[in-house]
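# Tertiary structure, described
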Amino acid sequence: MKLPKEIKRVSVPPIKCQGIKTKLVPFIMSSIRWSDANGTWIEPFAGSGVVVFNVKPQRAIINDANPFIIGFYKAIYDGTITPEIVRDYLRVEGRTLLLDNRKGTDSYFYRVRERFNETGSLLDFLFLSRSCFNGVMRFNGKGKFNVPFCQKPDRFRQAYITKITNQVASIKKAMTDKDWIFTSNDWKQTIELAEDGDFVYLDPPYIGRHVDYFNHWTEKEAKDLAKTTQALPENVGFALSMWKENKYRVNGHIEEEWAGNVERSFAHYYHIGSTESLRNEMQEALIIRQGCESEEAQVIIE
Ligand SMILES: C[S@@+](CC[C@H](N)C(=O)[O-])C[C@H]1O[C@@H](n2cnc3c(N)ncnc32)[C@H](O)[C@@H]1O
């Protein structure tokens, strides 16, 4: 894939989720070789959608087990949610959040959460994603959103509303005149749609990391995914994102399940506490089907 010039600025989506690949988008796009002339970009674990919204393929199948993420993006695609609707909604709801707090209560966030859990309102979903603690996406065993408030009553200041509205406008632009299909199925039903010329980008959850209604992942599922992906017809390209190693551990799953593919890696840092000395390095891997990697020194997994 040729890196489009505008990728120097990664387009950031309006919905947040754990494992969002915003920082890795240039690395992913520059590591893959694929032409969208004859195929469909398939993302079984689309999450925030940051990868597909930057790749901007002509045809795409965008899937996630979480129906609210998919519902929100589908509504932008079909025009039922527009940047103007988002701006007006956030102005009204953001003001109510602030005024509620001035009355000495911060219950408005929880009222919206309750309303969302009853009605599944996609605008409320956006409100929660952008005002909950750390932008976490978590649903309890009954499928109810249960992340607490970020404790910032003035969360939806004018600049923040403009930022979110612009993010919606930017993905709306990326979707315009594209043949994109949005589904909320299990990854297996999505991956089996792949045909010659397609490219499958996979970003499954970390094994055992999350226990969530829409987002859990076991070693067995990870092995199933590795087997199913590598059995795809040979003219289907694939790439999979996965953590490779940190200071304490190496991810053995890569050698065990993905031998014979090309590996590219990228180091990024996360902070524990506030000082530089508590900066830890994490290596992220991109495992790419041989022949689908861009021209660069190759590392074949043995
Ligand atoms: C690591 S996140 C993807 C992050 C995404 N690439 C991004 O940059 O925002 C994994 C996603 O897989 C979804 N998911 C979990 N289990 C799934 C399953 N069995 N089938 C489809 N999607 C699943 C979760 O809802 C979550 O959004």
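The coordinates are above.
In short, a report on the structure. (Residues numbered from 1 in each chain as written. Predicted model: local features only at pLDDT ≥ 70, side-chain atom pairs only at ≥ 80, totals over all residues. Heavy atoms only, no water.)

### Thoughts on a negative patch on the surface
On the surface, Glu 219, Glu 255, Glu 256 and Glu 302 cluster together to form a negatively charged patch. Tracing the chain through its elements places Glu 256 in helix 10 (residues 253-257). (Patch = residues over 30% accessible without salt bridge, like charges linked within 9 Å, V, L, I, M, F, W, Y side chains within 5 Å. Areas by Shrake-Rupley, 256 points an atom, 1.4 Å probe, with all protein chains shown as cover. Salt bridge = Lys/Arg side-chain N within 4 Å of Asp/Glu carboxyl O. Lys, Arg positive; Asp, Glu negative; His and termini not counted. Charge placed at Lys NZ, Arg CZ, Asp CG, Glu CD. Helix = DSSP H or I, 4+ residues; strand = E, 2+ residues; numbered from the N terminus.)

### Let's talk about the packing of aromatic side chains
Pairs of aromatic rings are described using the distance from one ring centre to the other and the angle between the two planes. All chains considered together, the criterion is met by 26 aromatic pairs. Where Phe 156 meets Tyr 160, the ring centres are 5.7 Å apart and the plane angle is 40°; that geometry is what we call tilted. Comparing Phe 156 with Tyr 160 shows no difference in burial state: the two are buried. Put simply, the rings of Phe 68, Phe 116, Phe 125, Phe 139, Phe 145, Tyr 213 and Phe 214 pair up and form one aromatic cluster. (Phe/Tyr/Trp six-rings, centres within 6.5 Å; stacked < 30°, edge-to-face > 60°. Buried < 20%, exposed > 50% of the residue type's maximum accessible area, 1.4 Å probe, protein only.)

### Describing the site of the ligand
Near the ligand, the surroundings consist of 22 residues, among which Lys 21, Ser 48, Asp 64, Asp 186 and Asp 203 are the closest. At 2.8 Å from an oxygen atom of the ligand is found a main-chain nitrogen or oxygen belonging to Lys 21. In this structure, an oxygen atom belonging to the ligand sits 2.6 Å away from a side-chain N or O atom of Asp 64. Burial of the ligand by the surrounding chains reaches 94%, relative to a free accessible area of 610 Å². The class makeup of the residues in the shell around the ligand is 11 nonpolar, 7 polar and 4 charged. (Near = heavy atom within 4 Å. Polar contact = N/O pair within 3.5 Å; in protein donor to acceptor, adjacent residues only side chain to side chain. Nonpolar A, V, L, I, M, F, W, Y, C, P; charged D, E, K, R; others polar.)

### Observations concerning the nonpolar core
Trp 41, Tyr 73, Phe 125 and Phe 127 are the most contacted members of the largest nonpolar core, which totals 64 residues. Looking at this core element by element, the count peaks at 7 residues for helix 3 (residues 67-77). In terms of domain composition, this core takes at least three residues from each of domain 1 (5-65 + 185-288) and domain 2 (83-171). Core analysis: the second largest hydrophobic core is formed by 22 residues, Ile 191, Ala 226, Phe 238 and Met 242 among them. (Core = buried A, V, L, I, M, F, W, Y, C linked by side-chain atoms within 4.5 Å. Domains from an automatic or database assignment.)

### Section: the environment of Pro 26
Position of Pro 26 among the secondary structure elements: in helix 1 (residues 25-31). C-alpha of Pro 26 to C-alpha of Thr 105: the two residues are 79 residues apart in sequence and 43 Å apart in space.

### Brief notes about the packing of helix 3 against helix 6 (residues 122-131)
Two elements in contact, helix 3 and helix 6, have axes whose closest approach is 10 Å; the angle formed by their N-to-C orientations is 115°. Considered as vectors, helix 3 and helix 6 are oriented roughly perpendicular to each other. In this structure, helix 3 meets helix 6 at a crossing whose hand is left-handed. Between helix 3 and helix 6, the residues in contact are Phe 68, Ile 69, Gly 71, Phe 72 and Ala 75 and Leu 122, Phe 125 and Leu 126, respectively. Looking at the contact of helix 3 with helix 6, its residues break down into 7 nonpolar, 1 polar and no charged. (Axes fitted to C-alpha atoms, helices over the stretch in contact; angles between N-to-C directions. Parallel < 35°, antiparallel > 145°, perpendicular 65-115°, else oblique. Left-handed = near helix turned anticlockwise from the far one by under 90°. Contact = heavy atoms within 4.5 Å.)

Everything listed here is a matter of geometry and, on its own, says nothing about what the molecule does.
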